[in-house]
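Inside the fold
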Protein chains: 2
Amino acid sequence: MHDEALLRKILIANHQKITKARLTVFNLLRSKEPQAIASIIAGCKGEVDRVSVYRVLDLYEKLGIVKRVNIGWKYKIELSDAFLDHHHHASCLGCGKVMSVMENGELEALIEKLSAKSGLTMTSHVLELYGYCYACDTNTKNRT
Amino acid sequence: MHDEALLRKILIANHQKITKARLTVFNLLRSKEPQAIASIIAGCKGEVDRVSVYRVLDLYEKLGIVKRVNIGWKYKIELSDAFLDHHHHASCLGCGKVMSVMENGELEALIEKLSAKSGLTMTSHVLELYGYCYACDTNTKNRT
DNA sequence: CATCAAATACAACAAAATTGCATTAAGAAT
DNA sequence: ATTCTTAATGCAATTTTGTTGTATTTGATG
Ligand SMILES: [Mn+2]
Ligand SMILES: [Mn+2]
Ligand SMILES: [Zn+2]
Ligand SMILES: [Zn+2]
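Residues numbered from 1 in each chain as written. Chains lettered and ligands numbered in written order. Predicted model: local features only at pLDDT ≥ 70, side-chain atom pairs only at ≥ 80, totals over all residues. Heavy atoms only, no water.

1. Some details on the nonpolar core
Note the cut-off: Throughout, nonpolar core names a set of buried Ala, Val, Leu, Ile, Met, Phe, Trp, Tyr and Cys residues whose side chains join them through atoms within 4.5 Å. Buried means the residue's accessible area, taken with a 1.4 Å probe over protein chains only, is under 20% of the maximum for its type, while exposed means over 50%, and partly exposed covers the values in between. Only DSSP runs of H or I reaching four residues or more are called helices, and only runs of E reaching two or more are called strands; each is numbered from the N terminus. Here a residue-residue contact requires only that any non-hydrogen atoms of the pair lie within 4.5 Å.
In terms of nonpolar packing, the biggest core is built from 28 residues, with Leu107(A), Leu129(A), Leu107(B) and Leu129(B) touching the most fellow members. Elements represented by at least two residues in this core include exactly β3 (87-92), β4 (98-102), α5 (105-118) and β5 (121-132) of chain A together with β3 (87-92), β4 (98-102), α5 (105-118) and β5 (121-132) of chain B. Excluding its chain neighbours within four sequence positions, the residues that come into contact with Leu129(B) are Ile111(A), Ser115(A), Leu120(A), Met122(A), Ser124(A), His125(A), His89(B), Ala90(B), Ser91(B) and Val101(B).

2. Concerning helix α2 (residues 20-31) of chain B
All names here are of chain B. Under the convention used in this document: The span expected for a helix works out to 1.5 Å for each residue beyond the first.
With 12 residues, α2 ought to run about 16 Å at 1.5 Å a step, and its terminal C-alpha atoms sit 17 Å apart, in line with that. When α2 is considered as a whole, its buried residues turn out to be Ala 21, Arg 22, Leu 23, Thr 24, Val 25, Phe 26, Leu 28 and Leu 29. As for α2, its buried residues are in contact with α1 (3-13), α3 (37-43), α4 (50-62), β1 (66-71) and β2 (74-79).

3. Thoughts on the protein's contact with DNA strand C
The cut-off we apply is this: Working definition: residue near molecule or strand if any one of its non-hydrogen atoms lies within 4 Å of it. Whenever a nitrogen or oxygen atom comes within 3.5 Å of another N or O atom, the pair is scored as a polar contact, on the condition that within protein one atom can donate a hydrogen and the other can accept it, and that pairs from neighbouring residues in sequence are kept only if both atoms are in side chains. Gly counts as polar in this scheme, as do all residues outside two lists: the nonpolar Ala, Val, Leu, Ile, Met, Phe, Trp, Tyr, Cys and Pro, and the charged Asp, Glu, Lys and Arg.
Around DNA strand C there are 18 residues in total, and Gln16(A), Ser52(A), Arg55(A), Arg50(B) and Tyr54(B) lie nearest to it. A breakdown of the atoms of DNA strand C within 4 Å of the protein gives sugar and phosphate a share of 64%. Contact between DNA strand C and Asp49(A): a phosphate oxygen at 3.2 Å from a main-chain N or O atom of the residue. Between Arg55(A) and DNA strand C, the recorded distance is 2.6 Å, taken from a side-chain N or O atom to a base nitrogen. Of all the elements in the fold, those that place two or more residues in the surface near DNA strand C are α2 (20-31) and α4 (50-62) of chain A together with α4 of chain B. If one sorts the elements of the surface near DNA strand C by residue count, α4(B) sits on top with 4 residues. Its residues assigned to classes, the surface near DNA strand C shows 7 nonpolar, 3 polar and 8 charged.

4. Quick word on the coordination of the manganese ion (ligand 1)
Residues and elements named next belong to chain A. The condition that has to hold: Coordinating N, O and S atoms are those within 2.8 Å of the metal (3.2 Å for Na, K and Ca), and as water is not part of the atoms, a site may appear to have fewer donors than expected.
The protein atoms that coordinate the manganese ion (ligand 1) are Glu 78 (OE), His 87 (NE2) and His 89 (NE2), at distances of 2.0 to 2.1 Å. Written as a sequence motif, the donor residues of the manganese ion (ligand 1) are E-x8-H-x1-H. Given a relative accessible area of 7%, His 87 falls into the buried group. Overall, the relative accessible area of 2% leaves His 89 in the buried class.

5. Observations concerning unusual backbone geometry
Residue and element names in this part refer to chain A. Following Glu 33, the chain continues into Pro 34 via a peptide bond in cis, with omega recorded as -15 degrees. With a phi angle near 60 degrees, His 15 is a residue other than glycine that sits in the positive phi range. In this structure, His 15 sits in the loop between α1 (3-13) and α2.

6. Focus on the pattern of salt bridges
Counted only if it meets this: One speaks of a salt bridge when a side-chain nitrogen belonging to Lys or Arg is within 4 Å of a carboxyl oxygen belonging to Asp or Glu.
For the structure shown, the criterion picks out 7 salt bridges over all chains. Between Arg8(A) and Glu4(A) there is a salt bridge, and its shortest N-O distance comes to 3.1 Å. In this pair, Arg8(A) and Glu4(A) both sit in helix α1, 4 residues apart, roughly one turn of the helix. We classify Arg8(A) as partly exposed; its relative accessible area is 32%. By sharing partners, the salt bridges in this structure join Asp58(B), Glu61(B) and Arg68(B) into a single network.

7. Description of the sheet that holds β3(B)
Quick note on the threshold: Here a strand pair is declared whenever DSSP counts at least two bridges between the two strands. To obtain each axis, a line is fitted to C-alpha atoms, and for helices this fit is confined to the stretch in contact; angles are then taken between N-to-C directions over 0 to 180 degrees.
Taking strand neighbours across the sheet as the criterion, the 6 strands line up as β4(A)-β3(A)-β5(A)-β5(B)-β3(B)-β4(B) in an open arrangement whose pairing is mixed. Bordering the open sheet on either side are β4 of chain A together with β4 of chain B, each of which pairs with just one other strand. Between one strand axis and the next, the sheet turns by 25 degrees as a mean value, whatever way the strands run. Alignment of β3(A) against β4(A), held across 5 bridges, turns out to be antiparallel.

8. Focus: α4(A)
All names here are of chain A. The end-to-end C-alpha distance of α4, which contains 13 residues, comes to 19 Å, matching closely the 18 Å that a straight helix rising 1.5 Å per residue would cover. In this structure, the buried residues of α4 make contact with α1, α2, α3 (37-43), β1 (66-71) and β2 (74-79). Looking at where α4 begins, the residue whose side-chain oxygen comes 2.9 Å from the main-chain nitrogen of Val 51 is Asp 49. Immediately beyond the C-terminal end of α4, within one or two residues, lies Gly 64, with a positive phi of roughly 75 degrees.

9. Some remarks on the coordination of the manganese ion (ligand 2)
All names here are of chain B. For the manganese ion (ligand 2), every protein donor is listed as Glu 78 (OE), His 87 (NE2) and His 89 (NE2), and the spread of their distances is 2.0 to 2.1 Å. Each donor residue of the manganese ion (ligand 2) lies on the same chain, and together they follow the pattern E-x8-H-x1-H. There is no split in this pair, since Glu 78 and His 87 are both buried.

10. Considering the domain arrangement of chain A
Residue and element names in this part refer to chain A. Operational definition: Residue ranges labeled as domains rest on an automatic or database domain assignment. Two parts placed together each lose some accessible area under a 1.4 Å probe, and the buried area is that loss summed for both.
Each assigned domain of chain A is listed here: domain 1 (1-84) and domain 2 (85-144). Between the C-alpha centres of domain 1 and domain 2 there is a distance of 23 Å. Counting residues at the interface gives 9 residues for domain 1, matched by 8 residues for domain 2. Buried area between domain 1 and domain 2, both sides added, is near 730 Å², and the carbon and sulfur share of it is 53%. Considering only the surface of domain 1 that becomes buried against domain 2, Asn 70, Ile 71 and Leu 84 emerge as the three largest contributors, covering 48% of it.

If you want it as structure tokens, here you go:
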């Protein structure tokens, strides 16, 4: 099923209307991930009001359509695992580029084990890597 | 070396003054971790102004004395690995309790490997587990 | 197409974070 | 110890971010 069809299905199943605001925000999220709220609001300028963006995102979070992910100490929004495969992020502290790190069975298993040991019934987890991408790393080394 | 001596050493090495505000914030951070900014500001009431708390924390972050960690979609502040052993967090979505998950060689090695594969020269990483603690999990199950 | 509730825009508000500046105090100089 | 210098602080004002109230609009339904 393609993304928008799934979105419609989820909205209908939850007795929510399919509106211009909701479709606009959804398509923005599909275009680039993850995004800061400010960036989504900017992308909606003229189309959807600031307040409505917040309300759409609240709904989407409640319905599990989006999730908040932490990039550095700020959060950004991205589509949930129902739309994107489970993954983690590797962020460059130099240029801000965010790369996806795809699921790795060994790692996920280890995280499961860890959570069991910690006494937590884990429902989700977040792993973020920080450092410098090849380009930024090279630049840094070349500086005198 | 005990914590405050290390703090003083770092401040002096960076030509920063040792002030009442900086010591107060530092000791609050030592008392409990991790803490929301609001909680630090509250802990400083009457002692240090709100604005100064922000400025002290900015400095501390720049100097690597504290780091921001994400608990849910909000960040909290805790002392850096120079003061605390490297660890991760397991947070209960029910009651908000945060447990420390101590470093695990196997996991850390795997994360190193992962970052290498992603092409990032990793300088740090964050792993957060979310779920329900034993008490909250039991409560949830007992609900009709 | 008529109906009706849900969703939206806009204004007002509240909370969180930042900036500008006069005053204070930490550390250096004497 | 006292004076000097400037970084650090407190306080007021401002900006930014997020929320709430409500009249109007819009999407679903028959
Ligand atoms: Mn992503
Ligand atoms: Mn911690
Ligand atoms: Zn980069
Ligand atoms: Zn709990």
